[in-house]
Amino acid sequence: MIYILEDAINGVLMGSIYGLTALGLTLIFGVLKVINFAHGSLLMVGMYAAYWSIILTGMHPYVALIIVAPVMYLFGYYLQDIVIKPIFKAQKDVREPITVIIVTTGVWYILDNLTLLIFGPAYRNIQDNPLKGKMLEIGEMFISVPKLWGFVTAVITAAAVYWFLQKTRMGRAIRATSLDREAASLMGINQFKVYNVAFGIGTATAGIAAVTLVPFNNIFPSVGVLFDIKGFIIVVLGGLGSIGGAILGGIIIGLIESIAPQFMTATWTEAIVYGLFLVVLFVKPSGLFGVKYDW
Amino acid sequence: MTRQNINRFALIIVGVVVFGLPLVLRSPTYLHILILLYFYAYLTSSWNLVGGFAGVLPLGHSAFIGIGAYASTILSLQYGISPWIGMIVGGILATIVGILIGFPTFKMRGAYFALATIAFGEGIRVMVENIDNLGPLKINGPRGLQIPPTNIGFANYMFAGKEPYYYIILVMLVGVLALTYFISRSKLGYYLNAGGEEPEAAMSLGVNVAQAKLIAMAMSSFLTALAGTFYAQFTLYIHPKSVMSLDLSFEIAFIALIGGRGSIAGPVLGALLLRPVSDFSRIYFGATLPGLHLIIFGTVLILVMIFQPRGLQEPLTRAYNRLLDKIFGGTGQKEITHEYS
Amino acid sequence: MNILEIKNLVKDFGGLRAVDTLSLSIEEGQILGLIGPNGAGKSTAFNCIAGVYAPTGGEIYFSGEKINQIKPWNLCKKGLARTFQIVKPFRSKSVLYNVMVGSFVTTDKTAAAEEKALNVLKLLQFEDKKDERAGNLTIAELKRLEIARALATEPKLLLFDEVMAGLRPAEVDEMVQIIQNLRDQGITIFIIEHIMRAIMALSDRIVVIHFGKKIAEGSPQEVASDDNVIKAYLGDEYVIS
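The structure presented is a predicted model; accordingly, all values stated were derived computationally and were not measured. Think of each chain on its own: its residues are numbered from 1, step by step along the sequence as written. Here every chain gets a letter starting at A, and every ligand a number starting at 1, in the order they are written. Reporting in this predicted model follows two pLDDT cut-offs: at least 70 for local features of residues, and 80 or more for side-chain atom pairs to be given and counted; totals over whole chains, interfaces and linings ignore these cut-offs and use all residues.

Chemist: So what exactly am I meant to see when it comes to the overall build of chain C here?
Modeler: If you tally the helices and strands in chain C, you get nine helices and ten strands. On C-alpha atoms alone, chain C measures out to a radius of gyration of 18 Å, which is about the 18 Å that the 2.2 N^0.38 rule sets for 241 residues. Referenced to the eigenvectors of the C-alpha coordinate spread, the extents of chain C come out at roughly 50 × 40 × 35 Å. Taking all 241 residues of chain C together, 46% fall into the buried category. Runs of H or I in DSSP of at least four residues are treated as helices and runs of E of at least two as strands, each being numbered from the N terminus. Radius of gyration: C-alpha atoms only; globule rule: 2.2 Å multiplied by the number of residues to the exponent 0.38. To sort residues by burial, count the other C-beta atoms lying within 10 Å of each one's C-beta; a count of 20 or more means buried, 12 or fewer means exposed, and anything in between means partly exposed. C-beta atoms are built from the backbone.

Chemist: I tried to follow the overall build of chain A on my own but got confused; where do I start?
Modeler: Scanning chain A from terminus to terminus reveals eleven helices and two strands. In chain A, the succession of α and β elements from N to C terminus is α-α-α-α-β-β-α-α-α-α-α-α-α. Over its C-alpha atoms chain A spans a radius of gyration of 19 Å, differing by no more than 12% from the 19 Å that the globule rule assigns to 295 residues. Dimensions of chain A, computed from C-alpha atoms along their principal axes, come out at roughly 60 × 45 × 35 Å. When contacts within chain A are restricted to residue pairs at least 6 apart in sequence, long-range pairs at least 24 apart make up 78% of them. Contact criterion: two residues are in contact if their C-beta atoms, reconstructed from the backbone, are within 7 Å.

Chemist: Can you help me understand the confidence of the model for chain C in this one?
Modeler: Reading predicted coordinates in detail is not appropriate for stretches of low pLDDT. Residues and elements named next belong to chain C. Residue-level confidence of the predictor, termed pLDDT, takes values from 0 up to 100. For chain C, per-residue confidence averages 88 on the pLDDT scale, and 97% of positions sit at 70 or higher. At the level of individual helices and strands, chain C shows its lowest average pLDDT in helix H9 (residues 227–233), which scores 76, and its highest in helix H3 (residues 95–103), which scores 95. Both confidence scores are given for the complex: pTM 0.87, ipTM 0.89.

Chemist: Honestly, the interface of chain C and chain B in this entry has me stumped. Any pointers?
Modeler: The interface of chain C with chain B comprises 24 residues on the first partner and 21 residues on the second. Listing elements by their share of the side of chain C that touches chain B, those giving two or more residues are helix H2 (72–78) and H3 of chain C. Here the element with the most residues in the side of chain C that touches chain B is H3(C); it accounts for five residues. Under the grouping applied here, Gly and all other residues not named as nonpolar or charged are polar, the nonpolar ones being Ala, Val, Leu, Ile, Met, Phe, Trp, Tyr, Cys and Pro and the charged ones Asp, Glu, Lys and Arg. Along the lines of polarity and charge, the residues of the side of chain C that touches chain B split into twelve nonpolar, five polar and seven charged.

Chemist: Explain helix H5 (residues 145–167) of chain A here, please?
Modeler: Residue pairs three or four apart in sequence face the same way in an α-helix, which turns once every 3.6 residues. All names here are of chain A. The span one expects for a helix is its residue count, reduced by one, times 1.5 Å. Along its 23 residues, H5 runs 33 Å from first to last C-alpha, staying within 8% of the 33 Å computed at 1.5 Å per residue. Within the span of H5, buried status applies to Pro146, Lys147, Trp149, Gly150, Phe151, Ala154, Thr157, Ala158, Val161 and Leu165. Each element contacted by the buried residues of H5 is listed here: helix H1 (2–32), strand S2 (141–144), helix H6 (169–179), helix H8 (191–213) and helix H10 (243–259).

Chemist: Mind showing me how you'd approach the environment of Leu136(A) here?
Modeler: All names here are of chain A. By the element assignment, leucine 136 lies in strand S1 (residues 135–138). On the basis of neighbour counts, which here come to 11 C-beta atoms within 10 Å, the residue leucine 136 falls in the exposed class. In sequence terms leucine 136 and isoleucine 156 are 20 residues apart; their C-alpha atoms lie 21 Å from each other. Beyond its immediate stretch of four places on either side in the chain, leucine 136 contacts Ile143, Val145 and Leu148.

Chemist: What is the right way to look at the packing of helix H4 (residues 83–105) of chain B against helix H9 (residues 209–235) of chain B in this model?
Modeler: Think of two packed helices as two axes; the pair is described by the angle between the axes and how far apart they sit. All names here are of chain B. One way to put it is that H4 packs onto H9 with a least axis distance of 7 Å and a crossing angle of 145 degrees. In terms of crossing hand, the pair formed by H4 and H9 is right-handed. Classifying every residue of the contact of H4 with H9 by side-chain character gives eleven nonpolar, twelve polar and one charged. Throughout, an axis means a line fitted to C-alpha atoms (over the contacting stretch in the case of helices), and angles, computed between N-to-C directions, take values from 0 to 180 degrees. Left-handed describes a crossing whose near helix is turned anticlockwise from the far helix by less than a right angle; the clockwise case is right-handed.

Chemist: I tried to follow unusual backbone geometry on my own but got confused; where do I start?
Modeler: Most peptide bonds are trans, and most residues other than glycine sit at a negative phi. Residue and element names in this part refer to chain C. In this model, asparagine 8 sits at a positive phi of 55 degrees, which is unusual for a non-glycine residue. Summarising the element assignment, asparagine 8 is placed in strand S1 (residues 2–13). Under the C-beta neighbour-count criterion, asparagine 8 is labelled partly exposed, with 13 such atoms within 10 Å. With phi around 55 degrees, phenylalanine 211 is a residue other than glycine that occupies positive phi space. Given 15 C-beta atoms within a 10 Å radius, phenylalanine 211 is considered partly exposed.

Chemist: I tried to follow the interface of chain B and chain A on my own but got confused; where do I start?
Modeler: Interface size is commonly expressed as the accessible surface area that is lost when the partners come together. Taken together, the contact between chain B and chain A spans 33 residues of the former and 35 residues of the latter. Listed by contribution, the elements that provide at least two residues to the side of chain B that touches chain A are helix H5 (110–130), helix H11 (246–259) and helix H13 (292–307) of chain B. The leading source of residues in the side of chain B that touches chain A is H5(B), at 13 residues. Each residue belonging to the side of chain B that touches chain A can be placed in one class, and the counts come to 24 nonpolar, six polar and three charged.

Chemist: How do you make sense of the sheet that holds strand S2 (residues 16–27) of chain C when you look at a structure like this?
Modeler: The strands making up a sheet associate through hydrogen bonds between their backbones, and the pairing can be parallel or antiparallel. All names here are of chain C. In this description, strands pair whenever DSSP reports at least two bridges between them. Read from one edge of the open sheet, four strands run S2-S1-S4-S5, paired in antiparallel fashion. Taken across any chain shown, the strands that pair with only one partner, and hence form the sheet edges, are S2 and strand S5 (65–66). Running at roughly 65 degrees to S2, helix H1 (residues 42–49) makes contact with S1, S2 and strand S4 (57–62) of the sheet.

Chemist: Would you explain the arrangement of the chains in this entry?
Modeler: Comparison of the two pairs of chains in contact shows the highest number of contacts for chains A and B. Without any contact between them, chain A and chain C keep their closest C-alpha atoms 13 Å apart.

Chemist: Just checking my understanding: could you explain the sheet that holds strand S9 (residues 205–210) of chain C for this structure?
Modeler: Residue and element names in this part refer to chain C. If you walk across this open sheet you meet the six strands as S6-S7-S8-S3-S9-S10, and the pairing is mixed. Each of the sheet's edge strands pairs with one partner strand only, and the pair in question is strand S6 (80–82) and strand S10 (213–218). Taken over all neighbouring pairs, the strand axes of this sheet differ in orientation by 20 degrees on average, direction set aside. In the sheet, S9 pairs with S10 via five bridges, with the strands oriented antiparallel.

Chemist: Even after reading the chapter, I still don't get the nonpolar core, so can you show me in this structure?
Modeler: In globular proteins that are soluble, nonpolar side chains generally tend to be buried together. Each nonpolar core comprises buried Ala, Val, Leu, Ile, Met, Phe, Trp, Tyr and Cys residues, the members being joined through C-beta atoms within 7 Å. Grouped together as the largest cluster of nonpolar side chains are 277 residues, with contacts concentrated most on Met47(A), Ala198(A) and Ile169(B). Broken down by element, this core gets its largest block of residues, 15 residues, from H9(B). Setting aside residues no more than four positions away along its own chain, Ile169(B) makes contact with Ile35(B), Tyr38(B), Phe39(B), Tyr42(B) and Phe230(B).

Chemist: How do you make sense of the packing of helix H2 (residues 39–57) of chain A against helix H3 (residues 65–90) of chain A when you look at a structure like this?
Modeler: Residues and elements named next belong to chain A. In contact at an axis separation of 10 Å, H2 and H3 are set at 145 degrees when each is read in the N-to-C sense. Both H2 and H3 take part in a crossing whose hand is right-handed. From H2, Leu42, Val45, Gly46, Ala49, Ala50 and Ser53 reach across to H3, where they touch Ile67, Val68, Val71, Met72, Phe75 and Gly76.

Chemist: Teacher, can you tell me more about the pairing of S2(A) here?
Modeler: Taken residue by residue, a regular strand's side chains alternate between the two faces of the sheet. Residue and element names in this part refer to chain A. Relative to S2, S1 is paired through four bridges, and the arrangement is antiparallel. The partner of leucine 136 across the bridge, within S2, is isoleucine 143. In this structure, the hairpin formed by S1 and S2 is closed by a connection of two residues, where glycine 139 is found at a positive phi of approximately 65 degrees.

Set out below in structure tokens:
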């Protein structure tokens, strides 16, 4: 019994990190109405950025946030501006341009394989970082310390993004655009600026998630793929555009992943996650907290 | 000479060349490359029935390849049934699965539909990877199934040289293209195009859009499964990662998109352009620059979507017509038919 | 028999009652006009008739048959066609292609559909544009295309949803001619319109709705002098061409 509790707690912690990785995705999906297939790759880029920052300077992993977050923000901002904006402009009247999905897939292919080319396929990890393998003992349970840090980071980041969306002018502009982009632009909101910022923030959160992962996860060119698919499942589960939904969705997935293996093989767990995904898609596509968009 | 006659003549010449090639080209390596080229062209053309004509973006089609491959292989390995019959069985199975998938997903909006097809495709792959035995059927999970190269002969869909495989896939490709051609000029084709472009208007004009899409899906999944059997008999080894992978699903879709989905020539054109790039960079740069072909692929994808979202067949067709104008005179432009652009 | 009969039609959207116990009927061969201020519920009523919305209450009868739950494509096969207020052409296809989609209701063969479509285009004096890409047409031509498509389905009843919106006066007159021709061919017409000149000229009878309820019904002259109607329209909502 105690093992289940331990698994559950670790599952929740890991799940919150999943939620953090999906945070940017839900923001981008919610605002641009676009599936960003490159999201996992962006996460991967963040992880490499964090890795090199830490290795080269020997800093504490979380200090890397100072470098990674802004860098990722700019990366995402300009990626949207240079690569994705032209498509939006060309397909102005289409509500959710499918070609953008295809373009983000192209970006995914390029990023993953460029990384492969430059850094090689080797699995890297940060061997002697202060958080690696640390466990917190609570009674008879061992709670993963890096995941605990991740949990705290996830909650703080989610709260910060939420606050930003609710209280700042740009945040409100983003929310307006996600509800009705034409009406928003008629109100003087520069649609494309909003997209750039949303993409920037989404990518920055991926960078933050990357920093939380780097202390205990391996870093390799295709690490993003796993998180990509999981990310979409979480986003649909939690509801498009819902910050809280993303964290909650992530926690649900984290729980399933940690508890289910007690009762079945790990790969059947994967099947359950997909099954859950399909059920949500069919039964309540707007997810747990999503608003029913008329699109 | 009317433009139509010129095109027919050109088609005949292409046909003669393509069918006569194995008599001239003796190298098994090149034949192998061509066979795979036709294989991909066939797959993208089959995909095109749903992804092009119906206007949705299915990204889980490799599941049907897997169903076809596993069905015919299991039936032949365990029960001695000819793979030709197994192929039909696989096709029917795939059709059923396709319709089952289509029912709930066609109601969804584009992005959700794409995600749902991915989930289905991956879900099926994960299940197959986890099952060793399904009742009496031996599936062997991730290790896959191997077909021993005994029993050579047509009845067993097994040949010593590459030539027979070349002709089989070529005939299949021609078949799919002919089918696509006839559908595009038929009521179903008109209905699919209408339903894909403006579903509300189409419905008010008597089009049962959902039903048309399901018919297209049924055909597409059946045909795709046939390719699965071909692959199994050609390579003699199938496993989930090779016949049911997400990468394969994506590749099929994107080749069609780059070439121009919804058109007849588009998917073939896409395969013609991209497969050689893929093969070339893998062969020559595989060791030194791994993943180069995917970088090229991704770049092409982005550029095409920005500059020619309807695919490369549009500018290529225009160039072709202009070339013919120069040679034969006359305005071929007017005769760009309206029926199936 | 009345070709269309609506009894106490109600349509709610959540807490909003868009159509409130609307009853009306149309005789075969008539032209019935439906007018009312913006947001009165005209298009909603049309959408209920055309099978796009399921009515919250009430009944709709087409040629004596109750059609409440019937899907748009089946209604089309029964002889009920409609145009859309915001035109929805198949933009990437030619005019002929667009109309052929409609023709296929009555035939399975492409050649026959093409012939029927050409006939419809001839009728509307539109065949010179048959190979033109729909996305390149002007708004007047697009409106004509909407009619052509609907006409190709060989309907008994045609629902016109503001086919004249955005047209210049000369184009409006042309459209009135076309619609009168259609009525002369035996097609019953139910028309929503804002352009007073057109609807007064066309309609045999007019129904006026306001906030989802019928507030007047009668000949154009009767309706124009009805107190309730004048009250509802105080403030020149209409484009008086």
